Amino acid sequence: MTISVQGVVARGKGEPVEVTTVLVPEPGPGEALVDVQACGVCHTDLHYKQGGIGNDFPYLLGHEAAGVVEAVGPDVTDVAPGDFVILNWRAVCGRCRACRRGRPWYCFDTRNASQKMTLEDGTTLSPALGIGAFAAKTLVASGQCTKVNPAISPATAGLLGCGVMAGLGAALNTGGVTRGDSVAVIGCGGVGDGAILGAQLAGATTIIAVDVDDRKLEWARQFGATDVVNSRTGDPVAQIRELTGGFGADVVIEAIGRPETCQQAFYARDLAGTVVLVGVPTPEMRLELPLLDVFGRGGALKSSWYGDCLPSRDFPMLVDLHLAGRLPLEKFVSETIALDEVEEAFARMGRGEVLRSVVSL
């Protein structure tokens, strides 16, 4: 038996998305059916729409979501109907070489639902990041459901499912920001502001926000930026060094995913400092750096997958911090919208008018 719902589908590269009927199977072994309550409009969904991640059209978009478990399949014990959950795209297997080494945040064999959601004509849908949550209901692997305190707003909770968690984790987990550090964040969208908030939470004393949009730089101050740099008006590397005693930042987080900003991040850090790349590039991009500079400057150059988070550990903790008034996640929500407004939300995101549009279902 299948359930008929409305969902947002990208049928082809660069084509406008459409709201259409999606057929969702009842959960099988290891699966959960989730009644989606809210889903953020993330730049990754736009990457899917534009063909920047793959060519497995049609895509059922949406992945940054929270909702309530409606039903579970056989042998599911980690969640139950009625649980309020944040959906994640890292359902760790517990068996791969990363998990066996005690590093499940790197899990190399993460789980998705085995059954496929389809269009009415039987066409198989590819769910964005294995989730597909721009729909009233979605089918996921049970491990993709992380139970959290239901006191949090669904529109706020869902943001931990991707972008905000990626930024927070880039600072807290990958970058290892600690008390007294200086941090620069290049790119002040949702991910970048998450990194700024994470740096503040970790105790960084100098937090430099870099962007080309003064409006975004003002938003960055709300999340803890102590200084702002508009890179349209001058060399951001020189300005970051000037703000850090001429040395460069201890940790520089690149949250755009472009070669030129990755290069800026590399040269804006102090000797033996850390560069974290959390922005998502497209397949054709290349980064060129003199090998002598890579060797001579020391330190570390890291990519950050999903903020190197472990959802079962990080989501409940961050929700509790939010509910205690220590993590203002609600500031990321610029607007709530309906399913049929996703295409325009992509346009507003491209124009830099919003941090996050959130679909309310």
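For every chain, the first residue of the written sequence is number 1, and numbering continues from 1 along that sequence. Reporting of local features is limited, given that this is a predicted model, to residues whose pLDDT is at least 70; pairs of side-chain atoms are given and counted only at 80 or more, and all residues count toward the totals for whole chains, interfaces and linings. Water and hydrogen atoms were dropped before computing side-chain values, which therefore reflect all heavy atoms in the structure.

1. Some words on the nonpolar core
Grouped together as the largest cluster of nonpolar side chains are 49 residues, with contacts concentrated most on L160, L168, I196 and I253. Here a strand is any run of E in DSSP of at least two residues, a helix any run of H or I of at least four, and the numbering for each starts at the N terminus. Sorting elements by how many residues they give to this core places helix α4 (residues 163-174) first, with six residues. Every residue pair with non-hydrogen atoms within 4.5 Å of one another is taken to be in contact. Discounting residues that sit within four places of it in the chain, I253 has contacts with A170, A171, V183, A184, V185, I186, A195, V276 and V278. Buried Ala, Val, Leu, Ile, Met, Phe, Trp, Tyr and Cys residues form a nonpolar core when they are joined through side-chain atoms within 4.5 Å. Under the scheme applied here, a residue whose accessible area is under 20% of the maximum for its type counts as buried, over 50% as exposed, and between as partly exposed, the area being computed with a 1.4 Å probe on protein chains only. With 33 residues, the next largest nonpolar core counts V17, V79, A128 and I131 among its residues.

2. Description of the state of the cysteines
For the purposes of this analysis, a disulfide is any pair of cysteine sulfur atoms at a distance within 2.5 Å. Enumeration according to the criterion identifies zero disulfides in this entry. In this structure C93 is not part of a disulfide, and its nearest cysteine sulfur, from C107, lies 3.7 Å away. No disulfide involves C188; its sulfur sits 15 Å from the nearest other cysteine sulfur, which is in C262. Taking relative accessible area as the criterion, C188 reaches 0% and is therefore assigned buried.

3. Quick word on a positive patch on the surface
The patch calculation keeps residues exceeding 30% relative accessible area without a salt bridge and links them within 9 Å when they carry like charges or within 5 Å when they are nonpolar (Val, Leu, Ile, Met, Phe, Trp, Tyr). Note on areas: these come from Shrake-Rupley sampling with a 1.4 Å probe, and a residue is covered only by the protein chains present in the view. We define a salt bridge as a side-chain nitrogen of Lys or Arg found within 4 Å of a carboxyl oxygen belonging to Asp or Glu. The convention is simple: Lys and Arg are positive, Asp and Glu are negative, and His and the chain ends are not counted. A charged residue contributes its charge at one atom only: NZ of Lys, CZ of Arg, CG of Asp or CD of Glu. Together, R97, R100, R101 and R103 make up a region of like positive charge exposed at the surface. Among the secondary structure elements, R101 is positioned in the loop between α2 (97-100) and β7 (118-119).

4. So, unusual backbone geometry
That bond from F57 to P58 is cis: its omega, 0°, falls within 30 degrees of zero. Note that P58 resides in the loop between α1 (43-50) and β4 (59-60). Positive phi outside glycine occurs at D75, with the angle close to 70°. Here D75 lies in the loop between β5 (64-72) and β6 (84-87). In this structure, L129 takes a positive phi of about 50° despite not being glycine. Here L129 shows up in the loop between β8 (126-127) and β9 (137-141).

5. Some thoughts on the packing of aromatic side chains
How two aromatic rings sit relative to each other is given by the distance of their centres and the angle of their planes. Each Phe, Tyr or Trp ring (for Trp, its six-membered ring) is paired with any other whose centre lies within 6.5 Å, and the angle between the two planes then decides the class: stacked below 30 degrees, edge-to-face above 60, tilted in between. Summed over the entire model, instances satisfying the criterion amount to eight aromatic pairs. Seen from their ring centres, W89 and Y306 are 4.0 Å apart, and the 10° between their planes marks the pair as stacked. Of this pair, W89 sits in the loop between β6 and α2 while Y306 sits in the loop between β16 (300-303) and α10 (311-323), placing them 217 residues apart in sequence. Since its relative accessible area comes to 22%, W89 is described here as partly exposed. Joined through ring pairs, the aromatic side chains of W105, Y106, F108 and W305 make up one cluster. When the ring centre of F266 is taken as reference, the NZ or CZ atom of R297 above it lies at 5.9 Å. Either the NZ atom of lysine or the CZ atom of arginine qualifies as a charge over a ring when it sits within 6 Å of the ring centre and within 35 degrees of the ring normal.

6. As for the pairing of strand β14 (residues 249-254)
Moving residue by residue along a regular strand, the side chains alternate between the two faces of the sheet. With five of six residues buried, β14 is to be regarded as a mostly interior element. Where strand β11 (residues 182-186) lies against β14, four bridges are found, and the strand directions are parallel. Considered in β14, the bridge of I186 is made with E254. A clockwise course of the path from the first strand over the helix to the second, judged with the strands pointing away from the viewer, identifies a crossover as right-handed. For the handedness criterion, the β-α-β arrangement of β14, helix α8 (residues 259-268) and strand β15 (residues 269-277) is classed as right-handed. Pairs of strands are assigned from DSSP output, requiring at least two bridges between the strands.

7. Concerning the sheet that holds strand β13 (residues 227-230)
Taken together, the six strands give an open sheet; going across it, the order is β13-β12-β11-β14-β15-β16, and neighbouring strands pair in parallel fashion. Strand pairing shows two members of the sheet lacking a second neighbour, β13 and β16, which therefore form its edges. Going across the sheet, the axis of each strand differs from the next one's by a mean of 15°, ignoring polarity. Axes here mean lines fitted to C-alpha atoms, for a helix over just the part in contact, with angles spanning 0 to 180 degrees between N-to-C directions.

8. Side note on the pairing of strand β12 (residues 206-211)
Along β12, six of the six residues are buried, which leaves the element largely enclosed by surrounding structure. Here β12 shows a buried face lined by T206, I208 and V210 and a second buried face lined by I207, A209 and D211. Taken together, β12, helix α6 (residues 214-222) and β13 constitute a β-α-β crossover, and its handedness is right-handed.

9. What to know about the layout of surface pockets
One water molecule sets the probe size; rolling that probe over the atoms shows where empty space is left. Cavities and pockets are found on a 1 Å grid laid over the protein atoms alone: a cavity is a set of points where a 1.4 Å probe fits but cannot escape, a pocket is an open set with protein on both sides within 12 Å along at least five of seven lines, and a lining residue has an atom within 4 Å of such a point. Grid points are joined across faces, edges and corners, and a volume is the space filled by probe spheres set on the points. Its volume calculated, the second largest pocket comes out at about 270 Å³. If you go around the second largest pocket, you meet 15 residues; those closest to its centre are N112, K116, P127, L129 and G130. Here the nonpolar group is Ala, Val, Leu, Ile, Met, Phe, Trp, Tyr, Cys and Pro; Asp, Glu, Lys and Arg are the charged ones; every other residue, Gly included, is treated as polar. Its residues assigned to classes, the lining of the second largest pocket comprises eight nonpolar, six polar and one charged.

10. A word on the sheet that holds strand β2 (residues 18-25)
Sheet architecture is open: five strands sit in the order β7-β2-β1-β4-β8, paired in mixed fashion. Two strands bound the open sheet, and with one partner strand each, they are β7 and β8. When β2 meets β7, the two strands line up antiparallel, connected through two bridges. Across the sheet, residue V22 finds its bridge partner in β7, namely L119.

11. With respect to α10
Multiplying 1.5 Å by the residue count of a helix minus one yields the expected span of that helix. Given a rise of 1.5 Å per residue, 13 residues ought to cover 18 Å, and the 18 Å separating the end C-alpha atoms of α10 matches this to within 8%. Among the residues of α10, those classed as buried are P311, D314, F315, L318, V319, L321 and H322. The buried side chains of α10 occupy one side of the element, clustering within an arc of 160° when seen end-on. If you follow the buried residues of α10, they end up packed against β6, β10 (145-147), α3 (154-157), α4 and α5 (190-202). Within two residues after α10, G325 carries a phi angle of roughly 85°, on the positive side. The arc refers to the directions leading from the helix axis to the C-beta atoms.

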